[in-house]
Amino acid sequence: MNPLAIITPVARATPMAFLTGLLLLAVLDAAKTWYGLTLDPSGAGETFGYISMALSAAMIVFVSFLFINRRRDAGEGVMLFLLPVILAVVVSGIGFFVLLMIGSFGLMGEYAESVGRDFQTVAQDPSFQAEFQAWIEERPEMALDMVRPAVWGGFAGFWIVTGLFSLWFMSMKAEPAE
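Here the structure is a predicted model, which is why all the values come from computation and not from measurement. (Residues numbered from 1 in each chain as written. Predicted model: local features only at pLDDT ≥ 70, side-chain atom pairs only at ≥ 80, totals over all residues. Heavy atoms only, no water.)

1. A few points about the pattern of salt bridges
At step 1: Summed over all chains, the structure comprises six salt bridges.
At step 2: Ionic pairing is found between arginine 71 and glutamate 76, a salt bridge with its closest N-O pair at 4.0 Å.
At step 3: We note a salt bridge from glutamate 138 to arginine 139, for which the minimum N-O separation is 3.3 Å. (Salt bridge = Lys/Arg side-chain N within 4 Å of Asp/Glu carboxyl O.)

Printed below as a string of structure tokens:
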């Protein structure tokens, strides 16, 4: 495998180098995600959040390089690399926010039940959101339980879309050598 295919946008990536690079990035992304979710949210977890965002941005850049280099090896224009990368980021964001909202509503229901109120009626109460916010801030382990599935949902959304596009990009024939 040409390691430059991952870190530069000017190399060529054979189908095997492309797949190997994507698998390597997916494993590193999974390790980063798992490590970030195991940290104490009140201590190092906050600092690692910024590092994690930077690592995620770098990972998206490296995935882009792999798609560019795969298209270059196939003798195609490289601009189509934007399609899988943008769709993967959008699907990742949608997956994250949908699962976060599901977890949030579950915790809101749990909070409403703990204070003896009906969840259907508290949704119309403007002070409920502030009360719920204060309640969840006192329980960071519950907030982490709400965020954990959302983070893995975003991770899965990104890599499923990337994997589906990689099947297409791997099927592109290499440009004949001149």
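2. Some words on helix 2 (residues 15-38)
At step 1: Here helix 2 spans 35 Å end to end across 24 residues, near enough to the 34 Å set by a 1.5 Å rise per residue.
At step 2: Restricting attention to buried positions, one finds in helix 2 the residues Ala17, Phe18, Gly21, Leu22, Leu25, Ala26, Asp29, Lys32, Thr33 and Leu37. (Helix = DSSP H or I, 4+ residues; strand = E, 2+ residues; numbered from the N terminus. Expected span 1.5 Å × (residues − 1). Buried < 20%, exposed > 50% of the residue type's maximum accessible area, 1.4 Å probe, protein only.)

3. Some details on the side chain of serine 92
At step 1: Along the chain, serine 92 turns up in helix 4 (residues 82-114).
At step 2: In contact with serine 92, other than residues within four places in its own chain, are Gly154, Phe155, Gly157 and Phe158. (Contact = heavy atoms within 4.5 Å.)

4. Observations concerning the packing of helix 6 (residues 126-137) against helix 7 (residues 140-170)
How two helices pack is summed up by the angle between their axes together with the distance between the axes.
At step 1: Helix 7 packs onto helix 6 with a crossing angle of 105° between their chain directions and a minimal axis gap of 6 Å. One element, helix 6, and the other, helix 7, form an angle in the roughly perpendicular class. Within the contact between the two elements, helix 6 uses Trp135, Ile136 and Glu137 and helix 7 uses Pro140, Met142 and Ala143.
At step 2: Looking at the contact of helix 6 with helix 7 residue by residue, the class counts come to five nonpolar, no polar and one charged. (Axes fitted to C-alpha atoms, helices over the stretch in contact; angles between N-to-C directions. Parallel < 35°, antiparallel > 145°, perpendicular 65-115°, else oblique. Nonpolar A, V, L, I, M, F, W, Y, C, P; charged D, E, K, R; others polar.)

5. A few points about helix 7
At step 1: Helix length check: helix 7 (31 residues) gives 43 Å between terminal C-alpha atoms against 45 Å at 1.5 Å per residue, within 8%.
At step 2: Considering bend angle alone, the principal kink of helix 7 is centred on valine 147 and spans about 25°; proline proline 149 follows within four residues of it. (Bend = angle between axes of the 7 residues up to and from the residue.)

6. Overview of the nonpolar core
At step 1: Formed by 24 residues in total, the largest nonpolar core has its most connected members in Phe18, Val63, Leu66, Phe67 and Trp159.
At step 2: Mapped by element, the contributors of at least two residues to this core are helix 1 (4-7), helix 2, helix 3 (44-73), helix 4 and helix 7.
At step 3: Every residue in contact with phenylalanine 18, bar those within four places of it in the chain, is listed here: Ala13, Leu66, Phe67, Arg70, Ser166, Phe169 and Met170.
At step 4: Grouped together as the second largest cluster of nonpolar side chains are 13 residues, Leu100, Leu107, Met142 and Met146 included. (Core = buried A, V, L, I, M, F, W, Y, C linked by side-chain atoms within 4.5 Å.)

7. Brief notes about the packing of aromatic side chains
Centre-to-centre distance and the angle between the planes together describe a pair of aromatic rings.
At step 1: Here the structure, examined in full by the defined rule, presents 14 aromatic pairs.
At step 2: Arranged with centres 6.1 Å apart and planes meeting at 35°, the rings of phenylalanine 132 and tryptophan 135 form a pair that is tilted. In this pair, phenylalanine 132 and tryptophan 135 both sit in helix 6, three residues apart, roughly one turn of the helix. (Phe/Tyr/Trp six-rings, centres within 6.5 Å; stacked < 30°, edge-to-face > 60°.)

Any functional reading would require information that these geometric values do not contain.
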